[in-house]
Amino acid sequence: MDAGSVTFLLVFLIAVALFFDLLNGMHDAANSIATIVSTRVLSPFLAVGWAAFWNFSAYFIGHYFGFEAKVASTVGKGLIDPEMVTNAVIFGALMGAIVWNVITWRLGIPSSSSHALVGGIIGAGVAKAGFPAIVWGGLSKTLVAIVLSPVTGFVLGILLIVLISWLFVRANPARTDGFFRKMQLLTSALYSIGHGSNDAQKTAGIIAVLLYANGVYSEFTVPAWVVLSCFTVMGIGTMLGGWRIVHTMGSKITRLTPMQGAAAETAGAMTLFGATYLGIPVSTTHTITSSIVGVGSARRVHAVRWGIAGRIVWAWIITIPASALMGAIFYWIGAQFM
């Protein structure tokens, strides 16, 4: 390829990555706003604006605390050996994740954009160089997090709602409801910061390894402009919203009060902050869903619609293999032209 063609292809793939980031924000808007919408603390329009603002603000908060690129590094060089990455691998990874996101978005299933991307990377990388391309240490850490993040969200959700219920057992119900309606503005903001911090970095990691593979940088690095671009696009995606999934997350799993919504958001935020600080790419969908289930089941087991929850779990189980297969297919298509 001549220099012009290489530059065009690089710009094209960065655009595809940012399109995935946009879809991620749309697909996962429900994660940030489902509880605050279902409890009627904010209207859907105001809720997406609130979430988008804090999604974007997460970049500056992460930069201040020094973890704005930890997850990006794990995704960029901790799943597939960067030396094995080609333009076709990036194309396969992104398209595999995009197609799976669109399918689950259309069906209103809150599957994981993060795990779709992980599956796409693994599928495209293995299609290119076989299993030796996999960085097993990073992949195993991610797979462990698949299990631990929902378990952590579930347990924290139960513990927080039990603690809050005990603290407010003698409080006036109307005043308690009013207090937690105000608190949900804070807890939903915290969750949106956690969502933005973890999810936007994943796309940044993909773009960073793409730049390294094309020789733009002599060593793997995550430039500030890449991270900021991803946070900005994710905020725009959140503004566009994903209303089918909001309905599933906010009302089909269980009915929430403002107290329960605040507890679920706090449990989810705590889980995401811990994972982001450790540089682990986790599913924001898994985290908030399990927190909602934990809060609902603490009230009584039958308060949770387990059939809906089971359908979501099945979507989680098949996400990585399905997106890996799609990633491999799109790698083969991309390899014919790149």
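The following refers to the structure shown.

The rules behind these values
- Residues numbered from 1 in each chain as written.
- Predicted model: local features only at pLDDT ≥ 70, side-chain atom pairs only at ≥ 80, totals over all residues.
- Heavy atoms only, no water.
- Helix = DSSP H or I, 4+ residues; strand = E, 2+ residues; numbered from the N terminus.
- Buried < 20%, exposed > 50% of the residue type's maximum accessible area, 1.4 Å probe, protein only.
- Contact = heavy atoms within 4.5 Å.
- Areas by Shrake-Rupley, 256 points an atom, 1.4 Å probe, with all protein chains shown as cover.
- Axes fitted to C-alpha atoms, helices over the stretch in contact; angles between N-to-C directions.
- Parallel < 35°, antiparallel > 145°, perpendicular 65-115°, else oblique.
- Left-handed = near helix turned anticlockwise from the far one by under 90°.
- Nonpolar A, V, L, I, M, F, W, Y, C, P; charged D, E, K, R; others polar.
- Salt bridge = Lys/Arg side-chain N within 4 Å of Asp/Glu carboxyl O.
- Phe/Tyr/Trp six-rings, centres within 6.5 Å; stacked < 30°, edge-to-face > 60°.

What follows covers the overall build of the chain. Regarding its fold elements, the chain presents 13 helices and zero strands. Starting at the N terminus, the α and β elements of the chain follow one another as α-α-α-α-α-α-α-α-α-α-α-α-α. Taken across its 338 residues, the chain has 58% of its residues classed as buried. Taking as baseline every contact in the chain between residues at least 6 positions apart, the subset at least 24 positions apart corresponds to 88%. By element, 72% of the accessible surface of the chain is carried by carbon and sulfur atoms, the whole surface being about 13,800 Å².

Put simply, helix α7 (residues 136-167) and helix α11 (residues 258-277) touch, their axes get as near as 8 Å, and they point 140 degrees apart. Classified by the interaxial angle, the pair formed by α7 and α11 is oblique. Helix-helix and strand crossings are classified by hand; for α7 and α11 the assignment is right-handed. On the side of α7, the interface is formed by Ser149, Thr152, Gly153, Leu156, Gly157, Leu160, Ile161, Ile164 and Ser165, while α11 contributes Met259, Gln260, Ala263, Thr266, Ala267, Met270 and Thr271. For the contact of α7 with α11, a count of residues per class yields eight nonpolar, eight polar and no charged.

This brings us to the pattern of salt bridges. One pass over the structure, following the stated rule, counts two salt bridges. A salt bridge links Asp177 to Arg181, with the nearest nitrogen and oxygen atoms 3.0 Å apart. Remark: Arg181 and Asp177 occur in helix α8 (residues 173-213); sequence separation between them is four residues, near one turn of the helix. The partly exposed category is assigned to Arg181, whose relative accessible area is 30%. Notably, a salt bridge pairs Lys202 with Asp199, separated by 2.6 Å at the nearest N-O pair. Highlighted residues: Lys202 and Asp199, both in helix α8, separated by three residues, approximately one helical turn. Overall, the relative accessible area of 0% leaves Asp199 in the buried class.

Position of Gln184 relative to the elements: it lies in helix α8. Taking relative accessible area as the criterion, Gln184 reaches 0% and is therefore assigned buried. With residues near it in sequence (within four places) discarded, Gln184 still touches Thr35, Ile36, Thr39, Val41, Pro258, Gly261, Ala262 and Glu265.

A word on helix α4 (residues 70-77). Of all the positions in α4, only Val71, Ala72, Thr74, Val75 and Gly76 are classed as buried. Buried residues along α4 sit against α6 (113-129), α7, α8 and α11.

A few words now on the packing of aromatic side chains. With the rule as written, the count across this model stands at nine aromatic pairs. Ring geometry for Trp50 against Trp54: centres 5.8 Å apart, planes inclined by 75 degrees, an arrangement best described as edge-to-face. Placement of both Trp50 and Trp54 in helix α3 (residues 44-65) is noted, with a separation of four residues, approximately one turn of the helix. The exposure class of Trp50 is partly exposed, given its relative accessible area of 30%. Aromatic side chains Phe53 and Trp54 sit 5.0 Å apart centroid to centroid with 80 degrees between the ring planes, which places their arrangement in the edge-to-face category. Of the residues examined, Phe53 reaches a relative accessible area of 48% and is grouped as partly exposed. Relative accessible area serves as the criterion here: at 23%, Trp54 is assigned to the partly exposed category. By the ring-pair criterion, three or more aromatic residues cluster together here, those being Phe56, Tyr59, Phe60 and Phe231.

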